[in-house]
Amino acid sequence: MRPEEADRVAELIFESTNHWYETSGYPRIFQGDWKVCRIFTDVYGDLDPGCCLIAISGQDTIIGSCFYHPRQTHISLGIMNTHPAIGRKGVAKALLKSIIEISDDLSVPLRLVSSAFNLDSYSLYTRHGMAPFALYQDMMLSVPNSGIPVNEVDGVSFREATLEDVDQIDSLEQAVWRTSRKKDWAYFIENKRGVWHITIATNSEREVVGCLASVYHPGSNVLGPGIAKSADIATALIQSELNQHRGTHPVYMVPAHNKQLVSAMYEMGARNCELHVGQILGNAPPIIGVVMPTFMPETA
Ligand SMILES: CC(C)(COP(=O)(O)OP(=O)(O)OC[C@H]1O[C@@H](n2cnc3c(N)ncnc32)[C@H](O)[C@@H]1OP(=O)(O)O)[C@@H](O)C(=O)NCCC(=O)NCCS
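The rules behind these values
- Residues numbered from 1 in each chain as written.
- Predicted model: local features only at pLDDT ≥ 70, side-chain atom pairs only at ≥ 80, totals over all residues.
- Helix = DSSP H or I, 4+ residues; strand = E, 2+ residues; numbered from the N terminus.
- Rg over C-alpha atoms; globule rule 2.2 N^0.38 Å.
- Buried ≥ 20, exposed ≤ 12 C-beta atoms within 10 Å, placed from the backbone.
- Contact = placed C-beta atoms within 7 Å.
- Near = placed C-beta within 6 Å.
- Domains from an automatic or database assignment.
- Nonpolar A, V, L, I, M, F, W, Y, C, P; charged D, E, K, R; others polar.

1. Focus: the overall build of the protein
Item 1. Scanning the protein from N- to C-terminus turns up eight helices and 12 strands.
Item 2. The C-alpha radius of gyration computed for the protein amounts to 19 Å, which stays within 12% of the reference 19 Å derived for 300 residues, consistent with globular compactness.
Item 3. Judged by the C-alpha coordinates and their principal axes, the protein covers about 60 × 40 × 35 Å.
Item 4. Looking at the 300 residues of the protein, the share that counts as buried comes to 46%.
Item 5. The contacts of the protein with a sequence gap of at least 6 include a subset with a gap of at least 24, amounting to 71%.

Okay, structure coming up:
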């Protein structure tokens, strides 16, 4: 994708994703008009310029697009879309194969989160050798204007992250799931587009023991990515970040196997709205602690 094609790719993301939700019996996921999807091309363009492949039909009609995010430890595959009028003709397979070649060349695993409700996308990836390694519950909570209480965690303090925290966040992330993506954390903290917030948890030795970002934009009201040493730290991080979104109902993915975290979310009144599967081509990292992926940018 060239920069001047970003509007047309945003339009494709809007049409293609809404089409899937509507024809599957769910409400549209993107409201308003296609311009809300410029958040994808803008943020992904900031983070990974040139890392979007498009499929062109005829002279100049964009019929498919897929973003990817190369990182030190892996490549994440971002939002993949084919125009609804051209489904099942091999467009997504061709885009995926090209990105698999890139991850092969770099000798790093390819990762993504795919909706467990969407067999088209789940199957597309598993047909190409990817395998599920984690299940996430997409949860939603309507945050009252007055906010929600934040649990206390013994010996742990919570505050807004600064750029000086990035090295420690990275060390924690490597310990939790052998993942490194320092530039993403720095990007959220710098917040040049004015849509991010990030809360950090530190212990009594001032070591980072958890971190959770969130984005607020008409095209994406999501908590994540996040990492934490334990479920109680993750719970308090989620509560803190939800309070940044009072009067709205953000979505966030929590690991389905983490009973303590899932129970804490139910106690807060959160409801499940979708399920996502973390998939990988390559060896799955062991997860020691809590990982919360997001779609902005894709971080499975
Ligand atoms: C998912 C999506 C990208 C697929 O695009 P597409 O161009 O229609 O897909 P392709 O024709 O390249 O490939 C689909 C392949 O998936 C596999 N597949 C799909 N459904 C399958 C099923 N039920 N069982 C097994 N394999 C299946 C097949 O290999 C199929 O190719 P084949 O029929 O030739 O064997 C498209 O439907 C889309 O844009 N959906 C809306 C947005 C979305 O959900 N994006 C994914 C977010 S991660």
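2. Some details on the site of the ligand
Item 1. Taken together, 22 residues lie around the ligand, and Thr82, Ala92, Lys93, Ser121 and Ser123 are the ones closest in.
Item 2. Breaking the shell around the ligand down by element, the ones donating at least two residues are α1 (6–23), β3 (75–82), α3 (91–106) and α4 (119–126).
Item 3. For the shell around the ligand, the leading source of residues is α4, giving five residues.

3. Digging into the domain arrangement of the protein
Item 1. Domains assigned within the protein are domain 1 (3–136) and domain 2 (138–292).
Item 2. One C-alpha centre belongs to domain 1, the other to domain 2, and the line joining them spans 24 Å.
Item 3. With 34 residues of domain 1 at the interface, the matching set in domain 2 holds 29 residues.
Item 4. Within the residue set of the side of domain 1 that touches domain 2, elements represented by two or more residues are α2 (38–47), α3, β4 (110–115), α4 and β5 (131–140).
Item 5. Along the lines of polarity and charge, the residues of the side of domain 1 that touches domain 2 split into 21 nonpolar, nine polar and four charged.

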